[in-house]
Structures are given as C-alpha cells and as structure tokens.
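Geometric and topological summary
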Amino acid sequence: MIGTYFKIAMRNLLRHKQHAILNILGLSTAMAACLVIFLVLRHETSYNKYLKDYKQLYHLTTIETSSDGQSVSSGTPFPAIDFLRKDFPQYQFGRTMVQTGNQITVRTAANNTTAAKFYESDPLYFLDSNMLSFLDLKYLVGSAADLRDPSTVAISRSHAEKYFGDYRQAIGRRLRINLYAADVQVGAVFEDIPHTSDFPMFMAGSFEFFKQQDGTGWPLDDWGALSSNHQVYAKIPDAASAAAFKKTLAKYYTRYDRNSTKPRLGSLRPASSIHFDEEVESNGDHVTRWSSIYTLAFVGLLILIMACINFVNLSTALSLTRNKEIGVRKVLGSSSQQVRWQML
C-alpha cells in the first residue's frame, strides 16, 4: 500500500512539474534560511558557556557619576581585591590585567638572539591563580602549576605553532614582550580559546610579573584610580548570594575610598550577560544585543510560516484538479483515511 502511495506521488510530481518545483524550491529555501539563522543564534547564545564555572562566575564593574551622567567601567580599583578577600572570605576573587596590541619577539634556542617578531592583536592576560582556574584553560603541555614562576607564561597552541613550528617544541623557549622589554619562558601550552569566548587570550602570564615589570607605572594602592584593563571576577555559589553581594557592593567603595571626588558605586554582572551587555566594554570582538537575537529568531519563524502557507495554498489549488482521481479511488473501495494519506 505504501509503495503504491509513493508511486502515485512520483507520477503526480512528474505530471505537475511546475507545481513540484515551486513547492520544493520554496520549502528548501525557507529551511536553509532557518538553518542558517539557527546556527547564528546558537553561536551567539553559547558565549562563555564552555567555562566550567559559567553559572557561578561574576564580573565586578564600577559605576561612575559625572556631570554627563552615569557610565559603567569594566575595571575595578587596584586595591579593592585585597579588601574584598578579607571582607568576603566565603567567595573566591580573581584578578586580571588585560593588555592589547603586543609585539612579541621569538628568541632562538641556541643563543637567545632574535629569530622573528610578531604583532598580536589578541589580548595578553596577566592573571592570579584564582583567575587562572576560573578561565579553565585546557593544557596540552604543562599545567597551571608551571605559571607560579612570574617569568613563566603559557601560550595558545596556534601561537606556539606560529612561533616554533610544533607546539611540543615551545616548552623552555624564550619570548620577549616588547612592551615591558622583558623576556619570559614558555612553561605551558593550552588549547586555543573557543571563538565563543569573551576572554580571547593568546598568552597567559602571572599577575606578579605585571607588578614587577610595570607595577610602578600604575597606581596599585590608589582607590581613586580606575582602568578597564584591570578587572576582577568573583565565583559565587548561587544567584541569591550574588544578589545580596551586589547590594553590599553598591556602597562598598565609599567605605575605603574617602578621598575620591567622583561618586563611585560597585556593581556585579553574571558571566552569562557579558556578551550581551552594551553598557560595559567587553574583551571580546563584539557585543550582541538581545533585541537582535529576538528579531533574528522572529524573522526565521516568519520565513518558515510563510513557506508553509505557500505550500498549503499550492497543494490546495492542485487538489482541485484531482477530483476525478479521488472519485475513482472511492468507487474502487478506498476509505476516507486512505484517500487522505494519499493526498498527503
């Protein structure tokens, strides 16, 4: 019976070629467009979800008030993290210093002379041990323990291959960070950061290295100084604790920063919102609005609905030409259900 259905369906497709082409082309185009839109939506909504502590990770931000209104910075005053760790021991805090636009000099293995120079647009991260664990790097060679030495760094697999040909040959080799005019040794290699990340680092170094090399150039003890390069993150076990901490954080800075002339408030945002937050700058290459996500999803749904309506209209119009076929089948004893299945 089913074989007969398919045989008759193929005959009808060949008999009504224009109708078949319009139906197949319309549905396939709509499905292809919806598939592309779905892939874009899945890509944009998967940012930072690769992190093991994705649901517990929060970014501390700073709200400043001026005559022009309020502005939100991704940075946190340098002294804040030491006081946060003392006042909120139940939470874990990590810090990072983000440097972009770095020139890296590769040293030769034989005599540490210059082998090649590269300009890197991706950020270089100087991290403390907590922040290193938050970012959940996948080490191919070495481990986080190898970064305890301030003069040791970890680099991504693609950059290790770019610098040394084989990432396995990178361990022990030396690089020069021209910004600091200082050499570092490669102690570990990690898998490339996923494209769906707002932490697109190519090199991870110790925060102590930053303090040793460039600490005097930054106001590390000044509550009034603020830079978006210096960022603090917290690992908080649940949303209720995060909400309570956010309320406390709002007026936390004023407890210690009594000399500031600018009213400054602390705030908190979950890692899940970083990619969609237009008010705060991101370390990633772009920020996506939720309104754009909803609009794109609506367009995809509309395309699919219109294609289905078009298919139904064409099929209904064609069914009027098949009255004779339906009549013959009914006379030969076909039930209404069998006729319905044949039409479908």
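Remember, predicted model here, so these are calculated numbers, not experimental data.

Reading the values: the criteria
Residues numbered from 1 in each chain as written. Predicted model: local features only at pLDDT ≥ 70, side-chain atom pairs only at ≥ 80, totals over all residues. Heavy atoms only, no water. Helix = DSSP H or I, 4+ residues; strand = E, 2+ residues; numbered from the N terminus. Buried < 20%, exposed > 50% of the residue type's maximum accessible area, 1.4 Å probe, protein only. Contact = heavy atoms within 4.5 Å. Areas by Shrake-Rupley, 256 points an atom, 1.4 Å probe, with all protein chains shown as cover. Salt bridge = Lys/Arg side-chain N within 4 Å of Asp/Glu carboxyl O. Core = buried A, V, L, I, M, F, W, Y, C linked by side-chain atoms within 4.5 Å. Expected span 1.5 Å × (residues − 1). Arc of directions from axis to C-beta. Polar contact = N/O pair within 3.5 Å; in protein donor to acceptor, adjacent residues only side chain to side chain. Phe/Tyr/Trp six-rings, centres within 6.5 Å; stacked < 30°, edge-to-face > 60°. Pairing = 2+ DSSP bridges. pLDDT = per-residue confidence, 0-100.

So, about the overall build of the protein chain. Within the protein chain, the secondary structure is distributed over 11 helices and 13 strands. Here the protein chain, with 344 residues, has 41% of them falling under the buried criterion. Within the protein chain, residue pairs in contact and separated by at least 24 positions form 73% of the contacts whose partners lie at least 6 positions apart. When the accessible surface of the protein chain is totalled, it reaches about 18600 Å², and 57% of it is carbon and sulfur.

Okay, the environment of Ser158 next. Within the secondary structure, Ser158 is located in helix H5 (residues 157–164). Distance in space between the C-alpha atoms of Ser158 and Asp192 is 6.6 Å, their sequence separation being 34 residues.

Evaluation of the coordinates by the stated rule reveals 14 salt bridges. Across the pair Glu161 and Arg157 runs a salt bridge, and its minimum N-O distance is 3.2 Å. Placement of the pair is Glu161 and Arg157 together in helix H5, with a separation of four residues, close to one helical turn. Residue class for Glu161 comes out partly exposed when judged on its relative accessible area of 33%. Owing to a relative accessible area of 28%, Arg157 belongs among the partly exposed residues under this scheme. Note that Glu278 is salt-bridged to Arg289, the shortest N-O span being 2.7 Å. With a gap of 11 residues between them, Glu278 in the loop between strand S13 (264–270) and helix H9 (290–319) and Arg289 in the loop between S13 and H9 connect regions that are remote in the sequence. On the accessibility criterion, Arg289 (45% relative accessible area) is partly exposed.

Once that is clear, we can look at the nonpolar core. One finds Phe126, Ile155, Tyr163, Phe164, Leu175, Ile177 and Met203 to be the most contacted residues of the largest nonpolar core, which totals 25 residues. The set of elements that each furnish at least two residues to this core consists of strand S4 (102–107), strand S6 (124–127), strand S8 (152–156), H5, strand S9 (174–177), strand S10 (182–190) and helix H6 (207–214). No other element matches S10, which puts four residues into this core. Apart from the residues lying within four places of it in its own chain, the contact partners of Tyr163 are Ile104, Val106, Phe118, Glu120, Ile155, Leu175 and Phe202. In this structure, Leu57, Leu132, Leu137 and Ala204 belong to the second largest nonpolar core, which totals 22 residues.

Across its 12 residues, helix H7 (residues 239–250) extends 17 Å between first and last C-alpha, which sits within 8% of the 16 Å expected from 1.5 Å per residue. The complete set of buried residues in H7 reads Ser241, Ala242, Phe245 and Leu249. End-on view of H7: buried residues confined to an arc of 95°, all on one side of the axis. What points out from H7, more than 90 degrees from its buried face, is the exposed set Ala239, Ala240 and Lys247. In this structure Asp238 caps H7, since a side-chain oxygen of it lies 3.2 Å from the backbone nitrogen of Ala240.

Looking now at the packing of aromatic side chains. Per the stated rule, a full pass over the model turns up 20 aromatic pairs. Ring centres 5.4 Å apart and planes at 65° place the aromatic pair Tyr91 and Phe245 in the edge-to-face group. Note that Tyr91 is positioned in the loop between helix H3 (80–87) and strand S3 (92–99) and Phe245 in helix H7, a separation of 154 residues in sequence. A relative accessible area of 12% means that Tyr91 is categorised as buried.

For the rest of this paragraph, the subject is the pairing of S6. Burial along S6 is two-sided: Leu124 and Phe126 facing one way and Tyr125 and Leu127 facing the other are all buried. Alignment of S3 against S6, held across four bridges, turns out to be antiparallel. Each bridged residue has a counterpart across the sheet, and for Gln99 the counterpart in S6 is Leu124. Sheet topology note: the S6/strand S11 (residues 203–206) ladder contains four bridges and is parallel. Along S11, the bridge assignment pairs Tyr125 with Ala204.

Per-residue pLDDT for the protein chain has a mean of 84; in total, 83% of the residues score no lower than 70. Here helix H1 (residues 2–15) stands out as the element of the protein chain with the lowest mean pLDDT, 60, in contrast to S8, whose mean of 95 is the highest.

Position of Glu120 relative to the elements: it lies in strand S5 (residues 114–120). Residue class for Glu120 comes out buried when judged on its relative accessible area of 4%. Reaching out from Glu120, the side chain makes a polar contact with the side chain of His159 at a distance of 3.0 Å. At 2.7 Å, the side chain of Glu120 and the side chain of Tyr163 are in polar contact. Residues in contact with Glu120, not counting those within four places in the same chain, are Gly101, Asn102, Ile104, His159, Lys162, Tyr163 and Phe202.

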